[in-house]
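Survey of secondary and tertiary structure
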Amino acid sequence: MSENSIKLIAIGTTASVIAGIILLTIPQLRLWIGYIATWIWTALTATYLVSGWLLLVVCFITLIGMILIFSYIRFKPREPLFKLYTEDFIRSALWRWSWADSKISNLWCYCPHCDATLIYDDSSCSVYNRMEANKTDFMCENCSNTIITSIEGGDKGYACDLIKREISRRIRTKEYERLINKELS
Ligand SMILES: [Zn+2]
């Protein structure tokens, strides 16, 4: 006898047994379905302070609400990974920022030695200063006004935009993921 024939016989026997059990229990099933239907009808047509049908509608709306809340909690979109990236060492200073949607906000730099907030000097960018090249120095008052970093090319706004571009680059190239993974591990 082939393997397929044995499988067919086994399936046929199982199906016959299940069908037999269902046929045996049908009278009880009918009885129970009758009881349940009668109970539902009585419950719906009974006299309450509010109509049974109104209660049914309220229950239905509540059920839908619960399903929606559950779906929102269960399938709430996760925040993108880059939003965990909120600090990094760039140009010898520790820069920190926060995310407003997908834009960098509250960007500023801190001393890598003592974590003090750095102050800046972009007086070289003044229209009256033609002696120096445009640059912005970031200094730590806590470390004897040491210049922590100096960004050439423009004033404080230019320097912050340059850092934002560098942060975006590290996100695009996924360099930031190493930092995040180190923090998460
Ligand atoms: Zn310092």
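1. Comments concerning the pairing of strand S5 (residues 135–140)
Extensive coverage of S5 is indicated by the burial of 5 of its 6 residues. In this sheet, S5 lies alongside strand S4 (residues 119–121) in antiparallel orientation, the contact comprising 3 bridges. Along S5, the bridge assignment pairs aspartate 121 with aspartate 137. Judged from the 6 bridges that link them, S5 and strand S6 (residues 146–152) form a sheet pairing that is antiparallel. Counterpart to cysteine 140 in the pairing with S6 is threonine 146. Linkage of S5 to S6, two consecutive antiparallel strands, is achieved through a turn of 5 residues, within which serine 144 is found at a positive phi near 55°.

2. Regarding the pattern of salt bridges
This model, assessed by the stated rule, comprises 8 salt bridges. Here arginine 170 ties to aspartate 88 by a salt bridge, and the two come within 2.9 Å at their closest N and O atoms. Residue arginine 170 is located in helix H3 (residues 156–172), and its partner aspartate 88 is located in strand S1 (residues 87–90); the two are separated by 82 residues in the primary sequence. Side by side, arginine 170 and aspartate 88 carry an identical accessibility label, which is buried.

3. Here's the deal with the sheet that holds S6
Taking strand neighbours across the sheet as the criterion, the 3 strands line up as S4-S5-S6 in an open arrangement whose pairing is antiparallel. The open sheet is flanked by S4 and S6, the only strands paired with a single partner. The mean inter-strand angle of the sheet, taken between neighbouring strand axes irrespective of direction, is 25°. H3 rests against S4, S5 and S6 of the sheet, and its axis sits at about 85° to S6.

4. Details of the coordination of the zinc ion
Donor atoms from the polypeptide that coordinate the zinc ion comprise Cys111 (SG), Cys114 (SG), Cys140 (SG) and Cys143 (SG), at 2.2 to 2.4 Å from the metal. One can describe the site at the zinc ion as tetrahedral: its 4 donor atoms subtend angles covering 100 to 117° at the metal. Spacing between the donor residues of the zinc ion along the chain follows C-x2-C-x25-C-x2-C. Here the residue cysteine 114 occupies a position in the loop between strand S3 (103–110) and S4, and cysteine 143 occupies one in the loop between S5 and S6, the gap between them amounting to 29 residues.

5. So, the state of the cysteines
Taken as a whole, this structure holds 0 disulfides when the rule is applied. With no disulfide partner, cysteine 160 has as its closest neighbouring cysteine sulfur the one in cysteine 109, 7.1 Å distant. A residue is classified by how much of its surface remains accessible, and cysteine 160, at 11% relative accessible area, is buried.

The rules behind these values
- Residues numbered from 1 in each chain as written.
- Predicted model: local features only at pLDDT ≥ 70, side-chain atom pairs only at ≥ 80, totals over all residues.
- Heavy atoms only, no water.
- Buried < 20%, exposed > 50% of the residue type's maximum accessible area, 1.4 Å probe, protein only.
- Helix = DSSP H or I, 4+ residues; strand = E, 2+ residues; numbered from the N terminus.
- Pairing = 2+ DSSP bridges.
- Salt bridge = Lys/Arg side-chain N within 4 Å of Asp/Glu carboxyl O.
- Axes fitted to C-alpha atoms, helices over the stretch in contact; angles between N-to-C directions.
- Contact = heavy atoms within 4.5 Å.
- Donors = N, O, S within 2.8 Å, 3.2 Å for Na, K, Ca; no water.
- Tetrahedral: all angles 85-135°; square planar, octahedral: opposite > 155°, others 65-115°.
- Disulfide = S-S within 2.5 Å.

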